[in-house]
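# Reading the structure
Residue strings, one per chain:
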Amino acid sequence: MMRLVFLGPPGAGKGTQAKILSESLNIPHISTGDIFRYNIENKTELGREASEFMNRGFLVPDKITNAMVLNRLSMDDCKNGYILDGYPRTINQAEFLDSMQEINHAVYFYLRDEIAIERLMSRAKQESRSDDSPEVIKNRLQVYKEQTQPLINYYKERGTLLEIDAGAGITMISKDVRRALKLS
Ligand code: ADP
C-alpha cells in the first residue's frame, strides 16, 4: 500500500514530483491547492470560502480542508493508495488524517530558503497564479514556517519520514524519491 504525504516549502517542486510518481504508480495525485483552485474557477461555495484565505496567502481553515479531504479519500480511486500534495499542512490536519487512515511515508522535500524564494519569484513574474505575488509569497513562507514545519518532527517521531534534497534537478529528484521508497 502506498499512502503517501508530500511535505515541503512552497517552491520545493512537490507537485511536479507527485505528478510523476502518481503516473508511474497509477495512484491518484491529490493536491488540495488544485482542488481549491478548481472550486474557485467553478465558483462553488467551497471556492468562495477558500479564496478569501488563499488570495492572501493564509491557510484555508482546518475544518473546511479536512472535510474536503475526507470526501476525496473516500472515493474509489484511493483504495490502492494516493499521494497527498499540500496536505496535511497543520498538526490538526495530520492528526485528522491519522485518525482516518494509516499513512505509509511522509516524503519531505527540503530546500534552502533563498532557493525557495528565488523559484517562487520567477513563478510570480509569469503571474500564473493569483497567490504568486511577492507580498503573498512572503506570507505563504511564513505560514509554512509557523504551521507546516512542525510536521517534519511529527512524522519523524512516527518513523515514517523520508528526506529528499529538492535543490537538485527534476530527474535526479524523481530518482531519489524512488530510491527512498525502495521502488528502484
Ligand atoms: P504551494 O505549495 O505552492 O503553496 P498549493 O497549491 O499547495 O501551493 O496551495 C495554495 C494555497 O491553497 C495555500 O496557500 C492555502 O491557502 C491553500 N491550501 C492548500 N492546501 C491547504 C491545506 N492543506 N490547508 C489549508 N490551506 C490549504
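Residues numbered from 1 in each chain as written. Predicted model: local features only at pLDDT ≥ 70, side-chain atom pairs only at ≥ 80, totals over all residues. Heavy atoms only, no water.

### Quick notes on the packing of helix H2 (residues 32-41) against helix H3 (residues 45-54)
Put simply, the rule is: For helices, the axis comes from a line fit to the C-alpha atoms of the stretch in contact; other axes are also lines fit to C-alpha atoms, and the angle between any two N-to-C directions lies between 0 and 180 degrees. Secondary structure elements are defined from DSSP: runs of H or I of at least 4 residues count as helices, runs of E of at least 2 residues count as strands, and each element is numbered from the N terminus. The crossing is said to be left-handed when, going from far helix to near helix, the turn is anticlockwise and less than a right angle, and right-handed when the turn is clockwise. Here, residues are in contact when the closest pair of their heavy atoms is within 4.5 Å.
Where H2 contacts H3, the two axes come as close as 8 Å, and the packing angle between them is 115 degrees. Note on packing geometry: the crossing formed by H2 with H3 is left-handed. Contacts between H2 and H3 involve Gly33, Phe36, Arg37, Asn39 and Ile40 from the former and Leu46, Gly47, Ala50, Ser51 and Met54 from the latter.

### Regarding the pattern of salt bridges
Note the following rule: A carboxyl oxygen of Asp or Glu within 4 Å of a side-chain nitrogen of Lys or Arg is what we treat as a salt bridge.
Applying the stated criterion across every chain yields a total of 10 salt bridges. A cluster of three or more residues bridged by salt bridges with shared partners is formed by Glu45, Arg48 and Glu52.

### A word on the sheet that holds strand E2 (residues 29-31)
Formally: Two strands pair if DSSP finds at least two bridges between them.
With parallel pairing, the 5 strands of this open sheet are ordered in space as E2-E3-E1-E4-E5. Two strands bound the open sheet, and with one partner strand each, they are E2 and strand E5 (161-165). Each neighbouring strand pair of the sheet contributes to a mean axis angle of 20 degrees, computed without reference to strand direction. Sheet strands touched by helix H1 (residues 14-25): strand E1 (2-7), E2, strand E3 (81-85) and strand E4 (105-110). Its angle to E1, the strand with the most contacts, is close to 165 degrees.

### Some points on the site of the ligand
Stated formally: One heavy atom suffices: a residue is near a molecule or strand as soon as one of its heavy atoms comes within 4 Å of it. Here a polar contact is taken to be a pair of N or O atoms separated by no more than 3.5 Å, where protein atoms must pair a possible hydrogen donor with a possible acceptor and residues adjacent in sequence count only if both atoms sit in side chains. Computed by Shrake-Rupley with a 1.4 Å probe, the accessible areas treat only the displayed protein chains as cover when residues are assessed. Ten residue types, Ala, Val, Leu, Ile, Met, Phe, Trp, Tyr, Cys and Pro, are classed as nonpolar, four, Asp, Glu, Lys and Arg, as charged, and the remainder, Gly among them, as polar.
Not every one of the 19 residues close to the ligand is listed here, only the nearest: Thr32, Arg37, Phe58, Gly86 and Arg140. In the environment of the ligand, a nitrogen atom lies 2.7 Å from a nitrogen or oxygen atom belonging to the side chain of Thr32. The contact in question runs from an oxygen atom of the ligand to an N or O atom on the backbone of Phe58, over 2.6 Å. The protein chains hide 95% of the 550 Å² of surface that the ligand would expose on its own. For the shell around the ligand, the class distribution of residues is 7 nonpolar, 5 polar and 7 charged.

### What about the packing of aromatic side chains?
What counts here: Classification of ring pairs rests on two measures: the distance between centres of Phe, Tyr or Trp rings, Trp counted by its six-membered ring, which must be within 6.5 Å, and the angle between planes, read as stacked under 30 degrees, edge-to-face over 60 and tilted in between. Using a 1.4 Å probe on the protein chains alone, a residue whose accessible area is under 20% of its type maximum counts as buried, one over 50% counts as exposed, and one in between counts as partly exposed. Two conditions define a charge located above a ring, namely a distance within 6 Å from the ring centre to NZ of Lys or CZ of Arg, and an angle within 35 degrees of the ring normal.
This structure, assessed with the given rule, holds 3 aromatic pairs. Ring plane angle 80 degrees and centroid distance 5.1 Å describe the contact between Tyr154 and Tyr155, whose orientation is recorded as edge-to-face. The class for Tyr154 is buried, based on a relative accessible area of 7%. The residue whose ring lies beneath Arg158 is Tyr154, and the NZ or CZ to ring-centre distance is 3.6 Å.

### Considerations on the pairing of E4
In summary, the side chains of a regular strand alternate between the two faces of the sheet. Across 4 bridges, the pairing between E1 and E4 is parallel. Within E4, the position partnered with Val5 by the bridge is Ala106. Judged from the 5 bridges that link them, E4 and E5 form a sheet pairing that is parallel. Looking at the pairing, Val107 lines up with Leu162 of E5.

### Some details on the environment of Pro28
Locating Pro28 in the fold gives a position in the loop between H1 and E2. On the basis of relative accessible area, Pro28 is assigned to the buried category, the value being 13%. It is 15 Å that separates the C-alpha atoms of Pro28 and Asn104, two residues lying 76 residues apart in sequence. Once residues within four sequence positions are removed from consideration, Pro28 is found in contact with Ser22, Arg72, Asp77, Cys78, Gly81, Tyr82 and Ile83.

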